Amino acid sequence: MKQIHSQPDSGIFDRRRFCAVTGLAALGTLAVSRANAETVAPTENASIARTGNGEWTYDVVSSWGQLPAGKAFGGTHGAIATDKAGQVYVSTQSETGILVYGPDGTFKKTIASQYPEVHSMFYAQEGSEEYLYTTVQKGTPKENWLFVKMKTDGTVVQKITAPPEAGFKTPNEWRLTAAVPGPDRSIFIANGYGDSRIFRFDKNGEYRTSIGGKGTTEGLFDCSHGLAVDTRYDQPLLLVCDRENRRLCHFDFDGKFVRTITQHLRRPCQVSFHGDYALVSELEGRVTILDRDNTPVAFLGDNPQKAQWANYQLQPGDISPAFFSAAHGCHIDPQANIYVSDWNHIGRVTKLARVA
């Protein structure tokens, strides 16, 4: 591949510019429990919770994403995506599978109910077809820990399980966390909860090679949790959320390490892009927006209560609406609306609308 023009050292993480969250009380999250939220700070409109800074200031949308009576949301150890029509897909840890909402937050249907724990989703349009590249932790009684490519109506078109050619001998070695297609439709799958290697398959699902492995030096990972296709530069790059090393890394699609682009994050889980900006969900109670130099330009939902960071057992109503407890899934849509799912045993999803 051609030489990559990577970004200068100014991309290394620092905190020199930006402030913490401001906001007001109102429960703006989707959850089964809707207890009254703690007041964050008074403003002119006591019905709005606000977070962010500068042009990245957001209001929590309190009316978004309600479920029909009697339908349980389930845990949210998953991801969020949108399709070309603006429908929003939210994966859960329950028999609801993947929830589908209209752009206005109206619940429409569920898909993939046979896979009650989809951990990651990547939307891709291939020709006239739309697909979700997903990783499944819990599926049918005979199928767990697998990659599933499905149409946006839930129709399964491809599955990949642990490749024996990569040395897997027991089921618990293959504990995948993310998957994305490469520019040639090859498939990259991260074994983040296993040995942290990233595996490349061709578009037909044939195993080709592996990248990295467990470690702390550059080019290795300690939980390769999230994958994304970064198109902000001269050529597409594979972005890896190296969660427990608290950094983001670039690889080319031949599997060569390029560089570490950001460090000292709070356990990055997933990344979504909006033009030259990257949205990063962090398990320790925050979402960060990075510019093209991978310097932070905003912090959203920065939770001052460290006891709530990465706390799966919290009641959603105990979390102030403009804060996150364990930001896991994240997505920014073409209108710069932001969706975040906290890692939570009951389920908590927040929509943020950009303030004009």
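Because the structure is a prediction, the values reported are computed rather than measured.

(A) Quick peek at the overall build of the protein chain. When you go through the protein chain residue by residue, the secondary structure sums to zero helices and 26 strands. Put simply, the protein chain has 356 residues, and 60% of those count as buried. In the protein chain, the proportion of contacts linking residues at least 24 apart, taken out of those at least 6 apart, comes to 51%. Accessible area for the protein chain stands at about 13900 Å²; split by element, carbon and sulfur atoms hold 47% of it.

(B) A look at the sheet that holds strand β19 (residues 257-262). As summarised here, the arrangement of the four strands in space is β16-β17-β18-β19, forming an open sheet in which the pairing is antiparallel. Across the chains shown, the open sheet's two edge strands, defined by having one partner strand only, are β16 (224-230) and β19. Pairs of neighbouring strands in the sheet enclose a mean axial angle of 25°, with direction left out of account. Pairing of β16 with strand β17 (residues 237-242), which is carried by six bridges, proceeds in the antiparallel orientation.

(C) Summary view of the layout of surface pockets. If you add up the space inside the largest pocket, you get close to 660 Å³. What lines the largest pocket is a set of 33 residues, among which F122, Y123, V229, S272 and F273 lie closest to the centre. Put simply, the parts of the chain that give the lining of the largest pocket at least two residues each are β4 (80-82), β8 (117-126), β12 (178-181), β16, β20 (268-274) and β24 (327-332). For the lining of the largest pocket, the class distribution of residues is 20 nonpolar, ten polar and three charged.

(D) Quick look at the pattern of salt bridges. For the structure shown, the criterion picks out 18 salt bridges. K159 is paired through a salt bridge with E143; the nearest N and O atoms lie 2.9 Å apart. Of this pair, K159 sits in strand β11 (residues 156-160) while E143 sits in the loop between β9 (129-138) and β10 (146-151), and the two are 16 residues apart along the sequence. Since its relative accessible area comes to 23%, E143 is described here as partly exposed. With its nearest N and O atoms 3.3 Å apart, the salt bridge here joins D222 to K214.

(E) Inspection of the packing of aromatic side chains at higher detail. Applying the stated criterion across every chain, the model contains 14 aromatic pairs. Ring centres of Y133 and F147 lie 5.8 Å apart, and the angle between their planes is 45°; on these two criteria the pair is classed as tilted. A residue pair is termed long-range when its members are at least 10 positions apart, and Y133 in strand β9 and F147 in strand β10 qualify at 14 residues. Taking the relative accessible area as the measure of exposure, Y133 reaches 1% and is therefore buried. Judged by centre distance (4.7 Å) and plane angle (35°), the ring pair of Y312 and W343 falls under tilted. Remark: W343 occurs in the loop between β25 (338-342) and β26 (348-354) and Y312 occurs in the loop between β23 (296-300) and β24; sequence separation between them is 31 residues. Judged by relative accessible area, which is 23%, W343 ranks as partly exposed. By the ring-pair criterion, three or more aromatic residues cluster together here, those being F168, W174, F199, F201 and Y207.

Quick notes on the rules
- Residues numbered from 1 in each chain as written.
- Predicted model: local features only at pLDDT ≥ 70, side-chain atom pairs only at ≥ 80, totals over all residues.
- Heavy atoms only, no water.
- Helix = DSSP H or I, 4+ residues; strand = E, 2+ residues; numbered from the N terminus.
- Buried < 20%, exposed > 50% of the residue type's maximum accessible area, 1.4 Å probe, protein only.
- Contact = heavy atoms within 4.5 Å.
- Areas by Shrake-Rupley, 256 points an atom, 1.4 Å probe, with all protein chains shown as cover.
- Pairing = 2+ DSSP bridges.
- Axes fitted to C-alpha atoms, helices over the stretch in contact; angles between N-to-C directions.
- 1 Å grid on protein atoms, 1.4 Å probe; cavity = no way out; pocket = protein on both sides within 12 Å on 5 of 7 lines; lining within 4 Å.
- Points joined across faces, edges and corners; volume = space filled by probe spheres on them.
- Nonpolar A, V, L, I, M, F, W, Y, C, P; charged D, E, K, R; others polar.
- Salt bridge = Lys/Arg side-chain N within 4 Å of Asp/Glu carboxyl O.
- Phe/Tyr/Trp six-rings, centres within 6.5 Å; stacked < 30°, edge-to-face > 60°.

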